[in-house]
Amino acid sequence: MSSLVSSSHLQLATFALGTVGWILCTISMGIVDWRVWHVDNTTIISSGIAWVGIWKVCFISYLHVSPGYKEQFCHKFSGYDSSIPREIYAAQGLLLIAMFMGLLGLTATIFALRNVYMGITHKILITRFFLVGGFFYIFAGLCVLIPVSWNFYSVTQNQSIAFPPSYCMPSSPAAQEAGAAIPIGIVAVILLLLSGTFSLSYRFPVTTNTITKF
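Computed from a predicted model, the values in this text were never measured in an experiment. (Residues numbered from 1 in each chain as written. Predicted model: local features only at pLDDT ≥ 70, side-chain atom pairs only at ≥ 80, totals over all residues. Heavy atoms only, no water.)

Student: Talk me through helix α4 (residues 123-156); I want residue IDs and the actual numbers.
Tutor: Its 34 residues place the ends of α4 49 Å apart at the C-alpha level, agreeing with the 50 Å of an ideal helix rising 1.5 Å per residue. Looking one or two places after α4, you find Asn158, whose phi comes out positive at around 50°. (Helix = DSSP H or I, 4+ residues; strand = E, 2+ residues; numbered from the N terminus. Expected span 1.5 Å × (residues − 1).)

Student: Describe the pairing of strand β3 (residues 56-60), and please don't skip the residues or the numbers.
Tutor: Strand direction decides the pairing type here: strand β2 (residues 49-52) and β3, joined by three bridges, are antiparallel. Within β3, the residue paired with Val52 across the bridge is Val57. Once β2 ends, the chain turns through three residues before running back antiparallel as β3. Examined bridge by bridge, β3 and strand β4 (residues 72-76) share five bridges and lie antiparallel to one another. Bridged to Phe59 within β4 is Phe73. (Pairing = 2+ DSSP bridges.)

Student: Can you explain the pattern of salt bridges? Please cite residues and give values.
Tutor: Close approach of charged atoms allows side chains of opposite charge to pair. Scanning the entire structure with this criterion turns up one salt bridge. We note a salt bridge from Arg35 to Glu87, for which the minimum N-O separation is 2.8 Å. Note that Arg35 is positioned in strand β1 (residues 35-38) and Glu87 in helix α3 (residues 86-117), a separation of 52 residues in sequence. For the pair formed by Arg35 and Glu87, the shared burial category is buried. (Salt bridge = Lys/Arg side-chain N within 4 Å of Asp/Glu carboxyl O. Buried < 20%, exposed > 50% of the residue type's maximum accessible area, 1.4 Å probe, protein only.)

Student: Summarise the sheet that holds β4; cite the residues concerned and give the values.
Tutor: The antiparallel open sheet is built from five strands, whose spatial order is β4-β3-β2-β1-β5. In this open sheet, the two edge strands, each paired with only one partner strand, are β4 and β5 (175-178). Across the sheet, the mean angle from the axis of one strand to that of its neighbour is 20°, orientation sign disregarded. Sheet topology places β1 next to β5; four bridges connect them, and they run antiparallel. Bridging from a neighbouring strand, Arg35 pairs with Ala178 of β5. Running at roughly 150° to β5, α4 makes contact with β1 and β5 of the sheet. (Axes fitted to C-alpha atoms, helices over the stretch in contact; angles between N-to-C directions. Contact = heavy atoms within 4.5 Å.)

Student: An account of the state of the cysteines is requested, with residue identities and associated values reported.
Tutor: The tally for this structure, following the rule as stated, stands at one disulfide. Looking at the unpaired Cys25, the closest cysteine sulfur is the one in Cys143, lying at 8.8 Å. (Disulfide = S-S within 2.5 Å.)

Student: Summarise the packing of α4 against helix α5 (residues 181-200); cite the residues concerned and give the values.
Tutor: The interhelical angle for the contact between α4 and α5, taken along N-to-C directions, is 155°, at an axis separation of 7 Å. Our classification of the angle between α4 and α5 gives roughly antiparallel. Regarding α4 and α5, the two cross each other, and that crossing is left-handed. A per-class count over the contact of α4 with α5 returns 17 nonpolar, nine polar and no charged. (Parallel < 35°, antiparallel > 145°, perpendicular 65-115°, else oblique. Left-handed = near helix turned anticlockwise from the far one by under 90°. Nonpolar A, V, L, I, M, F, W, Y, C, P; charged D, E, K, R; others polar.)

In structure tokens, the structure reads:
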């Protein structure tokens, strides 16, 4: 059993990295500042800064205040609006998939580590759980990488968005920059891909102190 446990130290790190990566993926999906717009007209956008997320846009305003806020206006993206860029809707779907895939990867890793540390030396079961978990981690990482890269490219190109009038947003900013969600997403990608690589690298020890089941 000792050799079995010692062979799984890297996979224990896999679980830790995967957990942090999954949490960061969830955080990046939930926060609103994917793109930070700087606008010249501060009549409506009082602070001159608006945050464009993948679920809604928000800005500080003394003229338009959303219910439940003191000085902030937020407008959620409703259904499919052709004026909203495809990368925003792609991010919604892919990050939901990533969150689900990451959770499955964590679950598979937990089952594999449970068998290892309880001395259940079932070679096929342990190996398959680590392999399945690795594929889930990598798939989740790729699902985060695509929207993060796509939205970051749109920011670097200072692309405009033709918001409907109900959003109270200009069609283009004076300047824009990447919000906190993008670097958080990048770190999540790195951790998830590392977790997947480590999990796939698992090799069952040749000899153990207990009878190996096949």
